Amino acid sequence: MPPLDPQVRAALTAAGERARQVLTPEDLVAWQERDAAARPRPALDRLRDDGRFEVEELRVPRGDGEGEVTLVSARPAGVREELPLLYYLHGGGMVTGNAWSVLPRLLRGWALPLGLAVVSVEYRLAPGTRFPGAVEDCYAGLVRVAGHADGLGVDARRVVVGGKSAGGGLAAALALLARDRGGPVPAGQLLLSPMLDDRGDTFSSHQMTGHDTWDRTSNATAWQAVLGHRYGAADLSPYAAPARATDLSRLPAAYVEVGSAETFRDEAVAYANAIWQAGGEAELHVWPGACHGFDTLAPHAALSQDAHDARTRWLRRVLRR
């Protein structure tokens, strides 16, 4: 396998077996319970950070009319002009995670320095809700946010859809879905270690088995939970697994990031390459020695800082167009 960055390796060693736990179908419920305990939803008052941010929860009707999607909307306090928006989809393999716990890092890292608003989406998780539930939740929220941009104080022309891991895959699917339905047109798509391909047949998927923090077994378990009997189907929709898409033309500018020592390496590189081949715009970063979630595992590592800086520069460029 490719060598790990020394600081990332040290953080991985310090984390112990917990960092390399493998998700199996038999362990899924316990895994979800552990994640919910480890990542509790912070209260809105905590997210407001002593008045530095304005934070509210919005509820949007789902496209199928069955219930509502919760969006958590946040922006720097006291700013009255329209702000660009990061429409963010959390990670967690589409089986764990929540819209609240990702916000403190997004607000500190981007909302303040870039003058951004952030909307984080509480999409439904698998296996309680299978495809297309999650991506339809994300689409319903995007349509509502774009249609009510004035009320939210955001600029509908400067919306970036983004996410990490499962959220990166959902952001890619959302860009495809919005294009094909004639929906809101994002200015960019921020795809961080995106979960794009259910088939698990890339070289890196096999190479990193038993080594990455999210390996082939964990990935297969999550995809099975999302897709049910459609897992591995030859005619699977690209809105489920964007790597299945045959037409990547007319998409927003993409930022694609992955680690060299990561299960998702080859599918992310292939996706960026397919965007180029379709005549589109993509910026690709393969961080040497990075495993899945390296910047969460080792936030103070030089590699993590470099990755944050590169994402920030791309966001700044895209939002200034």
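So, here is what we can say about the structure in this document. Only a predicted model underlies this, so the values are computations on that prediction, with no experimental measurement involved.

## Some points on the environment of Leu 58
No. 1: With respect to the helices and strands, the residue Leu 58 is situated in strand E1 (residues 53-61).
No. 2: Between the C-alpha atoms of Leu 58 and Leu 71, which are 13 residues apart in sequence, the distance is 5.0 Å.
No. 3: Look past the residues within four positions of Leu 58 in its chain and what remains in contact with it is Val 69, Thr 70, Leu 71, Ser 73 and Leu 152.

## A few points about the nonpolar core
No. 1: Counting residues in hydrophobic clusters, the biggest one holds 64 residues, and the most contacted among them are Tyr 87, Leu 89 and Tyr 271.
No. 2: Ranked by the residues each element gives to this core, the list is headed by helix H7 (residues 166-181), at 10 residues.
No. 3: Residues Val 118, Val 160, Cys 291 and Ala 301 belong to the second largest nonpolar core, which totals 44 residues.

## So, the sheet that holds strand E2 (residues 68-76)
No. 1: One open sheet accounts for 8 strands, arranged E1-E2-E4-E3-E5-E6-E7-E8; its pairing is mixed. Looking at which strands have only one partner, the edges of the open sheet turn out to be E1 and strand E8 (282-287). Averaged over all pairs of adjacent strands, the angle between their axes in this sheet comes to 20°, without regard to strand direction.
No. 2: Note that strand E6 (residues 188-192) and strand E7 (residues 253-259) share 5 bridges and pair parallel. Pairing of Leu 192 across the sheet is with Glu 257, part of E7.
No. 3: Packed onto the sheet, helix H5 (residues 133-147) meets E1, E2, strand E3 (83-89), strand E4 (117-122) and strand E5 (154-164) and runs at close to 170° relative to E3.

## Digging into the environment of Leu 83
No. 1: Within the secondary structure, Leu 83 sits in strand E3.
No. 2: Classification of Leu 83 as buried rests on a relative accessible area of 5%.
No. 3: Residues Leu 83 and Arg 59 lie 24 residues apart in sequence; the distance between their C-alpha atoms is 21 Å.
No. 4: In this view, Leu 83 contacts Arg 75, Pro 76, Gly 115, Leu 116, Ala 117, Gly 153, Val 154, Asp 155 and Arg 158; residues no more than four positions away in its chain are not counted.

## Things to note about the pairing of E6
Regular strands show a simple pattern: their side chains alternate between the two faces of the sheet.
No. 1: Counting buried positions along E6 gives 5 out of 5 residues, so the element sits mostly inside the fold.
No. 2: Residues Gly 188, Leu 190 and Leu 192 of E6 are buried on one face, and the alternating residues Gln 189 and Leu 191, pointing to the opposite face, are buried as well.
No. 3: Bridging between E5 and E6 involves 5 bridges; their strand directions are parallel. For Gly 163, the partnering residue across the bridge sits in E6 and is Leu 191.
No. 4: Read as a crossover between parallel neighbours, the route from E5 over H7 to E6 is right-handed.

About the thresholds
Each chain has its residues counted from 1, following the order in which its sequence is written. It should be noted that, the model being predicted, local features are given only for residues of pLDDT at least 70 and side-chain atom pairs only at 80 or more, the latter also being counted only at that level, while totals for whole chains, interfaces and linings use all residues. Values shown for side chains rest on all heavy atoms present in the structure; no hydrogens or waters enter the calculation. Counting from the N terminus, the helices are DSSP H or I runs at least four residues long and the strands are E runs at least two residues long. Residues are treated as being in contact if the distance between any of their heavy atoms lies within 4.5 Å. Side-chain atoms within 4.5 Å are what join buried Ala, Val, Leu, Ile, Met, Phe, Trp, Tyr and Cys residues into a set we call a nonpolar core. Relative accessibility decides the category of a residue: with a 1.4 Å probe and only protein chains considered, values under 20% of the type maximum give buried, values over 50% give exposed, and everything between is partly exposed. Note on pairing: two strands pair once DSSP finds at least 2 bridges between them. Only the stretch in contact is used when a helix axis is fitted, and all axes are lines through C-alpha atoms; the angle between N-to-C directions ranges over 0 to 180 degrees. Orienting the strands away from the viewer, one traces the path from the first strand over the helix to the second; a clockwise path indicates a right-handed crossover.

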